[in-house]
Amino acid sequence: MKQTNSHRDLRINVPVLARVEGEGALELDISQGEIKNLKLRIFEPPRLFEKFVEGYHHTDLLDMVARICGICPVAYQMSAVQALEKLFGHTPTPWVSDMRRVMYCGEWLQSHSLHIHLLAAPDFLGFDNAIAMAKDFPQEVRRGLSLQGLGNDLMVLFGARSVHPVGICVGGFYHAPEAEKVAAIRARLQAALPQAEALVHWCAGLKFPQDEQSFISVALRHPDEYAIYAGDLVSDQGLNVPIEDYAQHFQEFQSPHSTALHAALNGQPYLVGPLARLNLNLEQLPDTVRSNLEATGITFPSKMMFHSILARAVELHFILLEALRLLKDYEVPEQSRQIVEPVAGTATGASEAPRGLLWHQYQVDAEGRIQSATIIPPTSQNQARMEQDIALSLQNYGLEHTDEQLRLHAEQVIRNYDPCISCATHFLQLKIRR
Amino acid sequence: MNTQKPCLAVHKFSSCDGCQLALLNLGEPLLDLAELIDIIHFAEAGPMAPDRYADIALVEGSVATEEDLQRIQSIRANTGFLISIGACATSGGVQALRNMTDSNHWIKAIYAKPEYISLLQDSTPIAQHVHVDFEIWGCPVNSEQVVTAVRDLLSGVKPAKEPAALCLECKRAGYSCVLVSKNEPCMGPVTLGGCGALCPSLGRACYSCYGPAELVNDAALSQRFTQAGLSSTAIKQRFHLMNSQAPAFEQAGQKAQSMGK
């Protein structure tokens, strides 16, 4: 056993974990060549959303919860609108359901492209950041920016802007986009398909650290489609329950080292996000997406967390096809929204944010005012799994590496999860004690 | 002649990261800007040098913790021209709704172990703590306004404030008035312009994510909302949403509430 460093005490502080959305730090104690203590700390100051929405009318809710995360505001709006409409006994029209899915595709496209090109790829290619990477990989960085821009424009189509869009409402959309605008986006989606196919192969060709781990995947599953907007809760361990039963199977808990609440499935850490979704719902992807993936030689389900970047690329390919399919025969509907009257009770909604399952529950009074709120974002759910992964991954990598190498490896592991730390927590201070 | 490019830093405080993303979303124009100015610190994009001197700093987010209080002072000391961007940095943001209550109760309600949470009583704008050279409002900011301000500075020109209320922007764009035609409780008459009148463009009422205009006739607007059938609480909540701690809105909301009593 290599124990060259095992008895020195040292502390490294790296202010701000880059290329992650939020603030976090990692504390690591290594002794006798083993990790004795590992804590991923999340520092983002709590903003107390669940309390200040109380007393506001449900018509303000979608604008308020969007502000939990600037990277995935659409996800927050979708989980909330789904919850409210279900409680109010309203079934969205097929046009509304389809267009919400298209808008959600826009957010996945924006978020996945940003993550792959600007946040994760520099790790695999050995650059500090995307600006440095752009000098050697100008085409790839431009491809990233152009796909991200397309995702943004898909959200703008329905919501007038991509960060905190203003288009979704209970009952539908405030406004239906004009047919010419849709035709223009369709042409761009079509033109981006070869880029997405190439992106899957590019990601598959990255050098992945060999790091197989055993973990539980959790995602929504919809009987008719690859789940984005809605579905039942499923795991690769046989769980299959309606979203209303979340609290019977999943527990939230708090640990002293983090402001983000953790979550566990029957006491076990679990994974949500693109890799979990692909592991569970691969069969529901169109043939073209699966055959393009098969041609890379990498198979799913995968137990390699580093395949997350590839899972994102596969989903990105799917999203383009899905948006094209749903917009194929686009017509402006007579009405983009229906008037829905509030009903008192408990509203539960869950959708797949780009980073994974996003679960909401609200108590609403007869006037439609929010009485209480519980919001469980993907990053909190992944936090226990991230800690478990960092420990295993650093052991596999080899604790004899220098502190700096360990820090870089741990950061790369964390970025696989694309943690959106502002929803829970950007500060990786690494404290290693040996 | 000094050929070294000026430096830009982007700092984050308590926020949703949306204003940083609005900048990242610029795509090519951001790369063009990077030709003119060295982006030395922008955590979400990758470059990291929080403690280096920057000629221009963009500050996102509100001051929410003890640590924030120290950090904003050191950023100010290390910055030439400081621009606060977004609702959180300019008014305290949506999370400043907690300033109107005893937030300790809220922390106790959410967290089983409130003693692990360390948070200042109030969420406050940057200008409450240090001198701010220029403010760009909005939730999120209009990133074109940010780029224009930076380019102005690089050309040796002082950036210009948004001159008009949203109403004028909406009229210029030719949108039909949702307050008049649909009786929607539109905040356009009292809201700072700059977003492009997005909500009215979709036929819905502005909810003032850009904060108060220079002149706020809240009494007239509150009266109009009353005629439209809004309760005093609903009117208060129109003012107390994204920028509740902007002084003009804070007071307008209080007045609306007391009218109902």
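Residues numbered from 1 in each chain as written. Chains lettered and ligands numbered in written order. Predicted model: local features only at pLDDT ≥ 70, side-chain atom pairs only at ≥ 80, totals over all residues. Heavy atoms only, no water.

Enquirer: Can you explain the overall build of chain B? Please cite residues and give values.
Expert: Scanning chain B from terminus to terminus reveals 12 helices and 5 strands. In summary, chain B has a C-alpha radius of gyration of 20 Å against a globular reference of 18 Å for 261 residues, a match within 12%. Overall, chain B is about 65 × 50 × 25 Å in size when its C-alpha atoms are taken along their principal axes. Buried positions account for 57% of the 261 residues belonging to chain B. In chain B, the share of contacts with a sequence separation of at least 24, taken over all contacts with a separation of at least 6, comes to 72%. In the structure as shown, chain B presents an accessible area of about 10,700 Å², 52% of it carried by carbon and sulfur atoms. Of the side-chain charges in chain B, 20 are positive and 25 negative, and the distance between the mean point of each set is 8 Å. (Helix = DSSP H or I, 4+ residues; strand = E, 2+ residues; numbered from the N terminus. Rg over C-alpha atoms; globule rule 2.2 N^0.38 Å. Buried < 20%, exposed > 50% of the residue type's maximum accessible area, 1.4 Å probe, protein only. Contact = heavy atoms within 4.5 Å. Areas by Shrake-Rupley, 256 points an atom, 1.4 Å probe, with all protein chains shown as cover. Lys, Arg positive; Asp, Glu negative; His and termini not counted. Charge placed at Lys NZ, Arg CZ, Asp CG, Glu CD.)

Enquirer: Summarise the overall build of chain A; cite the residues concerned and give the values.
Expert: Looking only at helices and strands, chain A has 13 helices and 13 strands in total. Across the 434 residues in chain A, those meeting the buried criterion constitute 67%. For chain A, the exposed surface amounts to about 14,500 Å²; the carbon and sulfur share of it is 49%.

Enquirer: Pulling in residues and values, what's your account of the interface of chain B and chain A?
Expert: Across the boundary between the two partners, chain B contributes 55 residues, which contact 58 residues of chain A. Counting each side, the surface lost to burial between chain B and chain A is near 5,000 Å², with a carbon and sulfur contribution of 65%. The three residues of chain B that bury the most area against chain A are C16, L202 and R204 of chain B, which together make up 13% of that side's buried surface. Remark: the boundary between chain B and chain A carries 1 salt bridge. For R204 of chain B, the salt bridge is made with D63 of chain A, and the minimal N-O distance between the two is 2.8 Å. The interface formed by chain B and chain A contains 11 residue pairs in polar contact (both at pLDDT 80 or more). At the level of elements, helix 1 (18–24), helix 2 (28–36), helix 5 (103–110), helix 9 (198–201) and helix 11 (232–239) of chain B are the ones that each hand at least two residues to the side of chain B that touches chain A. Split into classes, the residues belonging to the side of chain B that touches chain A amount to 33 nonpolar, 13 polar and 9 charged. (Buried area = accessible area lost by both parts, 1.4 Å probe. Salt bridge = Lys/Arg side-chain N within 4 Å of Asp/Glu carboxyl O. Polar contact = N/O pair within 3.5 Å; in protein donor to acceptor, adjacent residues only side chain to side chain. Nonpolar A, V, L, I, M, F, W, Y, C, P; charged D, E, K, R; others polar.)

Enquirer: Can you tell me about the confidence of the model for chain A, naming the residues and giving the values?
Expert: Do not read the predicted coordinates in detail wherever pLDDT is low. When pLDDT is averaged across chain A, the result is 89; 89% of the residues are at 70 or more. Note that residues 1–21 of chain A has pLDDT below 50 and, in this model, 89 contacts with residues that lie over four places away or in other chains. (pLDDT = per-residue confidence, 0-100.)

Enquirer: Can you explain the pattern of salt bridges? Please cite residues and give values.
Expert: Residues and elements named next belong to chain A. Under the counting rule described, the total for this entry stands at 25 salt bridges over all chains. With a shortest N-O distance of 2.7 Å, R407 and E411 are connected by a salt bridge. One end of the pair, R407, and the other, E411, are both in helix 13 (residues 403–416), 4 residues apart, so they sit about a helical turn from each other. Classification of R407 by relative accessible area gives buried; the value is 11%. Several salt bridges converge on common partners, so that one network encompasses D123, E404, R407, E411 and R415.

Enquirer: Any details on the domain arrangement of chain B? Residues and values, ideally.
Expert: Residue and element names in this part refer to chain B. Here chain B is partitioned into domain 1 (7–154) and domain 2 (166–259). Taking only C-alpha atoms into account, the centre of domain 1 sits 25 Å from that of domain 2. Counting from both sides, the interface comprises 15 residues of domain 1 and, opposite them, 15 residues of domain 2. Considering only the surface of domain 1 that becomes buried against domain 2, M100, W137 and C139 emerge as the three largest contributors, covering 42% of it. For the pair domain 1 and domain 2, the number of links is 6 residue pairs in polar contact (both at pLDDT 80 or more). Grouping the constituent residues of the side of domain 1 that touches domain 2 by class yields 9 nonpolar, 6 polar and no charged. (Domains from an automatic or database assignment.)

Enquirer: Which residues make up the pairing of strand 3 (residues 54–60) of chain B, and what are the values?
Expert: On any regular strand, side chains alternate: one points to one face of the sheet, the next to the other face. All names here are of chain B. The element strand 3 is largely enclosed, with a buried count of 6 among its 7 residues. Looking at chain direction, strand 1 (residues 7–12) and strand 3 are connected through 5 bridges and run parallel. Among the inter-strand pairings, L8 is bridged to a residue of strand 3, identified as I56. With 6 bridges joining them, strand 3 and strand 4 (residues 79–85) adopt parallel strand pairing. Bridge assignment links I56 to a residue of strand 4, and that residue is F81. As for the winding sense of the linkage, the β-α-β connection from strand 3 through helix 3 (residues 66–77) to strand 4 is right-handed. (Pairing = 2+ DSSP bridges. Right-handed = clockwise from strand over helix to strand, strands pointing away.)

Enquirer: Mind laying out the packing of helix 10 (residues 218–227) of chain B against helix 11 of chain B, listing which residues take part and the relevant values?
Expert: All names here are of chain B. Direction vectors running N to C along helix 10 and helix 11 enclose 135°, while the axes themselves pass 10 Å from each other. When the axes of helix 10 and helix 11 are compared, the pair comes out oblique. Two packed elements cross with a definite hand, and for helix 10 against helix 11 that hand is right-handed. Residue-level contacts link D218, L221, S222, F225 and T226 of helix 10 to I235, R238 and F239 of helix 11. Of the residues contributing to the contact of helix 10 with helix 11, the split by class is 4 nonpolar, 2 polar and 2 charged. (Axes fitted to C-alpha atoms, helices over the stretch in contact; angles between N-to-C directions. Parallel < 35°, antiparallel > 145°, perpendicular 65-115°, else oblique. Left-handed = near helix turned anticlockwise from the far one by under 90°.)

Enquirer: Quick rundown of the sheet that holds strand 11 (residues 356–364) of chain A? Include the residues and the values.
Expert: Residues and elements named next belong to chain A. Spatially, 3 strands are ordered 10-11-12 in an open sheet, and the strand pairing comes out antiparallel. At either end of the open sheet lies a strand with only one pairing partner, and these are strand 10 (345–353) and strand 12 (370–376). When strand polarity is set aside, the average angle formed by the axes of neighbouring strands in this sheet is 15°. Sheet analysis places strand 11 next to strand 12, joined by 6 bridges and oriented antiparallel. Bridging across to strand 12, Y362 finds its partner in A373. Contacting strand 10, strand 11 and strand 12, helix 3 (residues 73–87) runs over the sheet at an angle of about 145° to strand 10.

Enquirer: Describe helix 7 (residues 166–173) of chain B, with residues and values.
Expert: All names here are of chain B. Those residues of helix 7 not exposed but buried are L166, E169 and C170. Each buried residue of helix 7 lies within a common arc of 100° when the element is viewed along its axis, so the set occupies one face. Positive backbone phi, approximately 80°, marks G174, located one or two places after helix 7. (Arc of directions from axis to C-beta.)

Enquirer: Quick rundown of the packing of aromatic side chains? Include the residues and the values.
Expert: Residue and element names in this part refer to chain A. Per the counting criterion, the structure on display carries 13 aromatic pairs over all chains. Ring centres 5.8 Å apart and planes at 80° place the aromatic pair W95 and F173 in the edge-to-face group. With W95 in helix 4 (residues 94–125) and F173 in strand 4 (residues 172–173), this residue pair connects regions lying 78 residues apart in the sequence. The class for W95 is buried, based on a relative accessible area of 14%. Ring centres of F250 and Y270 lie 4.9 Å apart, and the angle between their planes is 65°; this geometry places the pair in the edge-to-face category. Of this pair, F250 sits in strand 8 (residues 250–253) while Y270 is found in the loop between strand 9 (262–265) and helix 9 (274–281), placing the two residues 20 residues apart along the sequence. For F250, a relative accessible area of 3% puts it in the buried group. Overall, Y270 belongs to the buried group, its relative accessible area being 0%. Taken together, the ring pairs connect W95, F158, F173 and Y330 into an aromatic cluster. (Phe/Tyr/Trp six-rings, centres within 6.5 Å; stacked < 30°, edge-to-face > 60°.)

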